[in-house]
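Each chain, letter by letter, is given below.
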Amino acid sequence: MSKPAPQPSHKPPPSIRIMCPNLVCKAVLAVPSIARGKMVRCKSCGTCIRVPDAAGGETSAA
Ligand SMILES: [Zn+2]
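In this text, all values refer to a predicted model and were calculated from it rather than measured experimentally.

Cut-offs and rules
- Throughout this document, residue positions are counted from 1 along each chain, in the order its sequence is written.
- Thresholds applied to this predicted model are a pLDDT of at least 70 for local features of residues and 80 or more for the giving and counting of side-chain atom pairs; totals over whole chains, interfaces and linings are not thresholded and use all residues.
- Helical segments are the DSSP runs of H or I of at least four residues, strand segments are the runs of E of at least two, and each set is numbered from the N terminus.
- Three exposure classes are used, based on other C-beta atoms lying within 10 Å of a residue's own C-beta, which is placed from the backbone: buried for 20 or more, exposed for 12 or fewer, and partly exposed in between.
- Contacts here follow a simple rule: the backbone-placed C-beta atoms of the two residues must lie within 7 Å.

A.B. asks: Tell me what's going on with the overall build of the chain, and back it up with residues and numbers.
C.D. replies: In terms of regular secondary structure, the chain is built from zero helices and four strands. Taken from N to C terminus, the helices and strands of the chain fall in the order β-β-β-β. Relative to its full complement of 62 residues, the chain shows a buried share of 3%. Nonlocal contacts in the chain, meaning residues at least 24 apart in sequence, comprise 18% of its contacts between residues at least 6 apart.

The following block contains the structure:
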């Protein structure tokens, strides 16, 4: 018997696409959403880019 096993769809982590602010680079980087508010480095030119926080109003009370 060979019945298709219902495999749980492995969803990749949500990623954010940001564009390198370097005008001579403008590479589009896909960074994981967990990188929000952090600095990432462009693979093309090495520019440090700050990943924007979630747009909206996610208020995390301290
Ligand atoms: Zn770049």
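A.B. asks: Talk me through the environment of Ile 16; I want residue IDs and the actual numbers.
C.D. replies: Relative to the helices and strands, Ile 16 resides in strand S1 (residues 15-19). A tally of 16 C-beta atoms within 10 Å means that Ile 16 is categorised as partly exposed. Along the backbone, Ile 16 and Ala 30 are 14 residues apart, and their C-alpha atoms lie at a distance of 5.5 Å. Excluding residues within four positions of it along the chain, Ile 16 makes contact with Val 31, Ser 33 and Val 51.

A.B. asks: Give a description of unusual backbone geometry that names residues and reports values.
C.D. replies: Positive phi, normally seen in glycine, also occurs at Lys 26, with a value near 55°. Mapping Lys 26 onto the fold places it in the loop between S1 and strand S2 (28-32).

A.B. asks: Please set out the environment of Arg 36 residue by residue, giving values where relevant.
C.D. replies: Examined against the element boundaries, Arg 36 turns out to sit in the loop between S2 and strand S3 (39-41). When the C-alpha atoms of Arg 36 and Asp 53 are compared, they prove to be 5.0 Å apart, with 17 residues separating the residues in sequence.

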